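Read off the chains here:
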There are 2 protein chains.
Amino acid sequence: MVTLHLAKIFNPKSVAIIGASDEEGTVGYALTKNFTELGFEGKVYPVNIRKTEILGLKAYQTVEQIPEPIDLAVIATPAKTVPDVVEQCGKIGIKGIIIISAGFKETGPEGKALEEKITEIKKQYGLRIIGPNCLGIIRPSLRLNATFMNKTPKSGNIAFISQSGALGSAILDWAVHENIGFSNFVSVGSMIDVDFGDLIDYFGTDPKTRSILMYIEGITDARKFMSAARHFARTKPIIVVKAGKFSESAKAAASHTGSLTGEDMIYDAAFKRAGIVRVDEIADLFNSAEVLGMQPLPRGPNLAIITNAGGPGVMATDALIAKGGKLAKLSQKTMQYLNSILPHYWSRDNPIDILGDAKADRFKTVVEACLNDENVDGVLIIYTPQAVAEPVEIAKSIVDLLKTRGYQNKTILTSFMGHEAAEEANRIFSQNSIPTYQAPEQAIKTYLYMYQYKRNLELIYETPEELPVDAAPPKHPIMAIMRNTTAKNRELLTEAEAKNLLEYYNFPVTKTLVAQTAEEAVAYASQIGYPVVLKILSPQIIHKTDAGGVILDLNSEA
Amino acid sequence: MVTLHLAKIFNPKSVAIIGASDEEGTVGYALTKNFTELGFEGKVYPVNIRKTEILGLKAYQTVEQIPEPIDLAVIATPAKTVPDVVEQCGKIGIKGIIIISAGFKETGPEGKALEEKITEIKKQYGLRIIGPNCLGIIRPSLRLNATFMNKTPKSGNIAFISQSGALGSAILDWAVHENIGFSNFVSVGSMIDVDFGDLIDYFGTDPKTRSILMYIEGITDARKFMSAARHFARTKPIIVVKAGKFSESAKAAASHTGSLTGEDMIYDAAFKRAGIVRVDEIADLFNSAEVLGMQPLPRGPNLAIITNAGGPGVMATDALIAKGGKLAKLSQKTMQYLNSILPHYWSRDNPIDILGDAKADRFKTVVEACLNDENVDGVLIIYTPQAVAEPVEIAKSIVDLLKTRGYQNKTILTSFMGHEAAEEANRIFSQNSIPTYQAPEQAIKTYLYMYQYKRNLELIYETPEELPVDAAPPKHPIMAIMRNTTAKNRELLTEAEAKNLLEYYNFPVTKTLVAQTAEEAVAYASQIGYPVVLKILSPQIIHKTDAGGVILDLNSEA
């Protein structure tokens, strides 16, 4: 059911634009124009109380007057009117809603009241709502741009979800310029309903989406988020920028000490456990997404760096080591081979400096040698403009090699430096799904993010499955222990209680019995068998050894 | 004298191109073409043993045949011929030489011998040589491009010195595309003569140069470098990327542990003491240089962030805190003022979120409030595309404000995000010397590099002057102490020796006398006056207290 309604939002056959307008410069105008101009194939119904036609489409005074069923209503009317509009939508059976309008809880108590009203109506009619206070959504493959932005990125395989509309639009603008393709763009706004977890679930099964990118400021339903992420991170990389490392609440402290707040560390750990890669900057988000869609995941941290100049090789090594990667130790066989084919003053080590006069054939031979070397997990190929400049031939020969030989399960990255000198070579790489970076440092950073993703995935696989129902621990005795503890206003279990609890979960524990008197203790001791340990049982004394309450290695009744 | 000869290289009236050629694709051709096509105003004499004319210029068989005096010889003949060519140059009184040819010590013992020969000739004739194995130099203001690269950047105020030719050419290619101007570009190559120290000295007094950027792999003459840098860093920012953080020698260890080698830490410390800013990446080099030429240095780490959207403000704060900066604590007066003029749901704190509907006047008013606030050292202004988009008006109003009000000694940075949305605004900022960045994180990084530069400068000023000669410590007694220590194969001074040494340098020390017997000790004690401390004197026992060899607070002979 949940997915069905999201499909109404993301794959609508008919859309009502409530607050449509033919007045240039308004949100309602920009929104309607995106529908009429992009070639969206579904039906579009502008709704405006004062109009009969908008941008060549028949307009309706209210959504209730539309004669046909509507999948998605996009609402851009003033905040005050929104609860009524949503209710009208609910009444006529519209299930998918995007509220672009702002002016809700972010503006104070009045707005908050409006928002609460919407939430009630939502429950009543079983609606799915994106927003409010959002940009809307874009699905380039459907020519669907339900935002007021005058930019539509090309179709691609990245789903991008942004909690900041402003940042989302800035990134979209940039992505259009960089020619990055999207399967989906969603600005989630205040998330009174549809949240990150829902969207991961939905895009996780969307065949057009190969990776999910998110800009997150805070997560509302952590359990749903984690469960969705853990489920899909195995098949689709999820990459996150989480802002607010230094939380508002600890802001003053953080700005003095620069220390991370606990909350952010929890995010860090949770992302890791869910298989999510957390990156530092927006640019990292796209660099990583591109590669994850193109290349085999790094098997390990050992990178071979092939370069036609010393300097960039050294810079790349600095970045690699600083960020926790390793220079691959070339096998003896590879070394012998390279010695036999390279000019005698090559670097004789990794980074493999194949010198300024290297042409396409030398690049190709050395890349192949690295593909053959078991010690190499990934290869970074650096080109700098030199007197003997044939970047295009070099790029072509590398593409040829990989087509013929395959990747041998290795990750290949390139950094062909300089602007004009490298432009055509970079185009060739992009067309052939070989990632390329302006600077070697970016390539290194991305390689290590990819490697981290791979390790996160391993971490997921290592996690044991949940216990089957019949092997689950008995509920009642455990509850009893807990109730007893809380009844006594304790926050810590006694040793006996804790061991008891662990035994119910089938953890092996040492045998422990609670004696009220010395005689009882002696009786229990012979029951367990010597040697025994005698401990004081007192919830007030947590560090029992320090208090002299533990006697080890007792072998007799004495 | 030194500077005079460098002027022959950097400001030549006449140039001989030795190894000039009219064969396309050769270094000699590219080099000659740069002289004929760019409009260099000095005289140019191609030298080629087999030609009488090259690219329309009369060619000479040898440099000796040129009828007029020559300031600079650019040599691009095969390595083997270079020593003879240099000698010819020396004989006819040419003092400035650039050796572009490669094939010297980097190729093995034969090449090394050639290089040594050149060094001898250099001494004999008092030559100044750049290279060998370099790209050459470029001075855009003179239309002088003495390299074989077919790119000439525009004239500007950055002097860029690169130890890697390949990286240098990549950066040049990129800089031309980014429209970055240079006063000088120098590829230093193997530095058999002219090195970083010489060039800092020269560019330090060059009126066209406002900042000096360097890509360094290793420094040959550290003392010269430090002295030059300390001298000029006060007036011209010197910014450095030093590659090889994890030195070749400690490579294996470094790749396992990721630890910095000692050598690199020495570079770090030395740069700091010389007032040099060390940055991580090439891009930082240019970002910093641009700002340092444009803006007042940050007075302190306290930044005000003005933004029309929450997200980027949070990302900027993350970057600021993570890198050691601080959010400026707005004064009560500023807070009251902002509360009175902003919509009531503004962020009510720094970052100052002035909301998505902010137009030019709101931006301007808030920037002005920050300029007025004594707690604010710098201001970062972030714009993201919003429904109400008037980036150009906003940019203009900020420029107006700063023209009218001045900077109030504060550093102003901008990040107008998105590509097309911000293009024109960014152009306006650039024209008015207000730095602008694609992402707020870059702005923050640059602000903090600038702040570091300022602190480095303070460090320079704090350093005491060298002692005047007549106040210098006596040389002989100090040498005697040292000789005595080394003669006994010790690496540590005894306490008495150390104190003795310190006294010679006028450090106040407690009175210490060495007693060989108990009687002597008693005698000395009364000489010094009670209370005294008795210590064991033994070079073998360094931690005397631990060994029981120290008795404090003795008040009598007993």
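Residues numbered from 1 in each chain as written. Chains lettered and ligands numbered in written order. Predicted model: local features only at pLDDT ≥ 70, side-chain atom pairs only at ≥ 80, totals over all residues.

### A short note on the overall build of chain A
Phase 1: Tallying secondary structure elements over chain A gives 19 helices and 21 strands in all.
Phase 2: Looking at the 558 residues of chain A, the share that counts as buried comes to 46%. (Helix = DSSP H or I, 4+ residues; strand = E, 2+ residues; numbered from the N terminus. Buried ≥ 20, exposed ≤ 12 C-beta atoms within 10 Å, placed from the backbone.)

### Focus: the sheet that holds strand 13 (residues 238-242) of chain B
All names here are of chain B.
Phase 1: Sheet architecture is open: 7 strands sit in the order 9-8-11-10-12-13-14, paired in mixed fashion. A strand with exactly one partner marks an edge of an open sheet, and here the two such strands are strand 9 (144-146) and strand 14 (277-278).
Phase 2: Relative to strand 11 (residues 182-187), strand 8 (residues 136-139) runs antiparallel, the two sharing 3 bridges. Bridged to Gly136 within strand 11 is Ser187. (Pairing = 2+ DSSP bridges.)

### A few points about the pairing of strand 5 (residues 72-75) of chain B
All names here are of chain B.
Phase 1: Residue alternation in strand 5 divides its side chains into two sets, Leu72 and Val74 and Ala73 and Ile75, and both sets are buried.
Phase 2: Two strands pair when backbone bridges link them, and strand 1 (residues 14-18) and strand 5 are joined in this way by 4 bridges, in the parallel orientation. The residue of strand 5 that forms the bridge with Val15 is Leu72.
Phase 3: Sheet topology places strand 5 next to strand 6 (residues 96-99); 4 bridges connect them, and they run parallel. In the sheet register, Ala73 faces strand 6, and the bridge partner there is Ile97.

### Looking at the interface of chain A and chain B
Phase 1: Every contact between the two is made by 52 residues of chain A and, on the other side, 53 residues of chain B.
Phase 2: Where the side of chain A that touches chain B is concerned, the elements lending two or more residues are helix 5 (165-178), helix 8 (251-257), helix 10 (282-294), helix 11 (310-322), strand 16 (326-327) and helix 15 (420-431) of chain A.
Phase 3: Broken down by element, the side of chain A that touches chain B gets its largest block of residues, 9 residues, from helix 11 of chain A.
Phase 4: Each residue belonging to the side of chain A that touches chain B can be placed in one class, and the counts come to 25 nonpolar, 18 polar and 9 charged. (Contact = placed C-beta atoms within 7 Å. Nonpolar A, V, L, I, M, F, W, Y, C, P; charged D, E, K, R; others polar.)

### Observations concerning the relation of the copies chain A and chain B
Phase 1: Least-squares fitting of chain A to chain B yields an RMSD of 0.6 Å, with the superposition described by an axial translation of 0.3 Å and a rotation of 180°. With respect to symmetry, the two chain copies, as superposed, fit the operation of a two-fold axis.
Phase 2: Here 100% of the contact residues of chain A are again contact residues in chain B; the copies associate through an equivalent surface. (Least-squares fit on C-alpha atoms with pLDDT ≥ 70 in both.)

### Digging into the pairing of strand 1 of chain B
Residue and element names in this part refer to chain B.
Phase 1: Where burial is concerned, most of strand 1 is hidden: 4 out of the 5 residues are buried.
Phase 2: Sheet topology note: the strand 1/strand 2 (residues 43-47) ladder contains 5 bridges and is parallel. Residue pairing across strands places Ala16 opposite Tyr45, the latter belonging to strand 2.
Phase 3: Between strand 1 and its parallel partner strand 2, the chain crosses via helix 2 (residues 27-38), and the hand of that crossover is right-handed. (Right-handed = clockwise from strand over helix to strand, strands pointing away.)

### Some thoughts on the domain arrangement of chain A
By a frequent convention, interface size equals the accessible area lost on bringing the separate parts together.
All names here are of chain A.
Phase 1: Taken domain by domain, chain A consists of domain 1 (1-135), domain 2 (153-294), domain 3 (298-462) and domain 4 (470-554).
Phase 2: Its C-alpha centre places domain 2 at a distance of 29 Å from the equivalent point of domain 3.
Phase 3: In this assembly, 17 residues from domain 2 lie in contact with 13 residues from domain 3.
Phase 4: For the side of domain 2 that touches domain 3, the secondary structure elements donating two or more residues are helix 9 (262-273) and helix 10.
Phase 5: If one sorts the elements of the side of domain 2 that touches domain 3 by residue count, helix 10 sits on top with 7 residues.
Phase 6: Here the residues of the side of domain 2 that touches domain 3 are counted per class, giving 8 nonpolar, 3 polar and 6 charged. (Domains from an automatic or database assignment.)

### Description of the sheet that holds strand 1 of chain B
Residue and element names in this part refer to chain B.
Phase 1: Ordered by their spatial adjacency, 5 strands build an open sheet running 2-1-5-6-7, and the pairing between neighbours is parallel. Lying at the two open borders of the sheet, with one neighbouring strand each, are strand 2 and strand 7 (128-130). Averaged over neighbouring strand pairs, the angle between their axes works out to 20° when direction is ignored. (Axes fitted to C-alpha atoms, helices over the stretch in contact; angles between N-to-C directions.)

### Here's the deal with the nonpolar core
Phase 1: Ranked by internal contacts, the top residues of the largest apolar core, which has 308 residues, are Val74 of chain A together with Val74 of chain B.
Phase 2: Those residues in contact with Val74 of chain B that lie beyond four places of it in its chain are Val15, Ile17, Ile18, Leu31, Ile98, Ile100, Gly136 and Ala146 of chain B. (Core = buried A, V, L, I, M, F, W, Y, C linked by C-beta atoms within 7 Å.)

### Regarding the environment of Gln442 of chain B
Residue and element names in this part refer to chain B.
Phase 1: Of note, Gln442 is situated in helix 16 (residues 440-462).
Phase 2: Gln442 sits in the buried class, given 20 other C-beta atoms within 10 Å.
Phase 3: Remark: the alpha-carbon pair of Gln442 and Asn287, spanning 155 residues in sequence, is separated by 8.1 Å.
Phase 4: Residues in contact with Gln442, not counting those within four places in the same chain, are Asn287 and Tyr437.

### Considerations on helix 11 of chain A
Residue and element names in this part refer to chain A.
Phase 1: End to end, helix 11 covers 18 Å across 13 residues, agreeing with the expected 18 Å (1.5 Å per residue, within 8%).
Phase 2: The element helix 11 is extensively covered by neighbouring structure, given that 12 of its 13 residues are classed as buried.
Phase 3: When we look at burial in helix 11, the residues that qualify are Gly310, Gly311, Pro312, Gly313, Val314, Met315, Ala316, Thr317, Asp318, Ala319, Leu320 and Ile321.
Phase 4: Gly324 sits one or two residues past helix 11 and shows a positive phi near 95°. (Expected span 1.5 Å × (residues − 1).)

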